[in-house]
Amino acid sequence: MTNPQEPDESTLALADGNRIPRLGLGVWQVPNGPECVNAVRWALELGYRHIDTAQAYGNEESVGQAIRESGVSRDQTFVTTKF
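Nothing here was measured: the structure is a model prediction, and the numbers come from that model.

1. Some remarks on the pattern of salt bridges
Under the criterion given, the structure shown has two salt bridges. Between E69 and R41 there is a salt bridge; the shortest N-O distance is 3.0 Å. Taken together, the residues E69 in helix α2 (residues 60–70) and R41 in helix α1 (residues 34–45) connect sequence positions 28 residues apart. Note on E69: relative accessible area 44%, which makes it partly exposed. You can call R41 buried: its relative accessible area is 19%. Measuring nitrogen to oxygen at the nearest pair gives 2.7 Å for the salt bridge that ties K82 to D52. Of this pair, K82 sits in the segment after β5 (78–80) while D52 sits in strand β4 (residues 50–52), and the two are 30 residues apart along the sequence. With relative accessibility at 36%, the residue K82 sits in the partly exposed group.

Structure representation (structure tokens):
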């Protein structure tokens, strides 16, 4: 069993001391709308805490909606984006 106080290989240390999950859900080519909302919400329900998006994907609205609807605290979720 892993000690929750000790970092494991499933996360990366950030400069501010937080740890970000190495594995994240990428939403490239997932169209804005219910498909994206469901994909992100289901990933969060399964334990994902890292969502990778970009302004160019045009689905940021759906990603935000899914995070709000998921019930997962926003401070437990990492959203990486590019513009």
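There's plenty left to go through after this.
2. Details of the side chain of S62
Mapped onto the elements of the fold, S62 is located in helix α2. Setting aside chain neighbours within four positions, we find S62 in contact with N32, G33, C36 and V37.

3. A few points about the nonpolar core
In this structure, L25, V27, C36, V40, L44, I51 and V63 are the most contacted members of the largest nonpolar core, which totals 13 residues. Every element with two or more residues in this core is listed here: α1 and α2. Every residue in contact with I51, bar those within four places of it in the chain, is listed here: L25, V27, V40, L44, V63, F78, V79 and T80.

4. Comments concerning the sheet that holds β5
Ordered in space as β3-β4-β5, the three strands form an open sheet in which the pairing is parallel. Both edges of this open sheet fall to β3 (25–26) and β5, since each of them pairs with a single strand only. As judged from the three bridges shared by β4 and β5, these two strands associate in the parallel manner. Bridging from a neighbouring strand, I51 pairs with V79 of β5.

5. A few points about unusual backbone geometry
Unlike most non-glycine residues, Q29 shows phi in positive territory, near 70 degrees. Counting through the fold element by element, Q29 comes out in the loop between β3 and α1.

6. What to know about the environment of T81
On the secondary structure map, T81 appears in the segment after β5. Taking relative accessible area as the criterion, T81 reaches 47% and is therefore assigned partly exposed. Considered as a pair, T81 and L25 are 56 residues apart in the sequence and their alpha carbons are 12 Å apart. Ignoring sequence-local partners within four residues, the contact set of T81 consists of T53, A54, Q55 and E60.

Analysis parameters
Residues numbered from 1 in each chain as written. Predicted model: local features only at pLDDT ≥ 70, side-chain atom pairs only at ≥ 80, totals over all residues. Heavy atoms only, no water. Salt bridge = Lys/Arg side-chain N within 4 Å of Asp/Glu carboxyl O. Helix = DSSP H or I, 4+ residues; strand = E, 2+ residues; numbered from the N terminus. Buried < 20%, exposed > 50% of the residue type's maximum accessible area, 1.4 Å probe, protein only. Contact = heavy atoms within 4.5 Å. Core = buried A, V, L, I, M, F, W, Y, C linked by side-chain atoms within 4.5 Å. Pairing = 2+ DSSP bridges.

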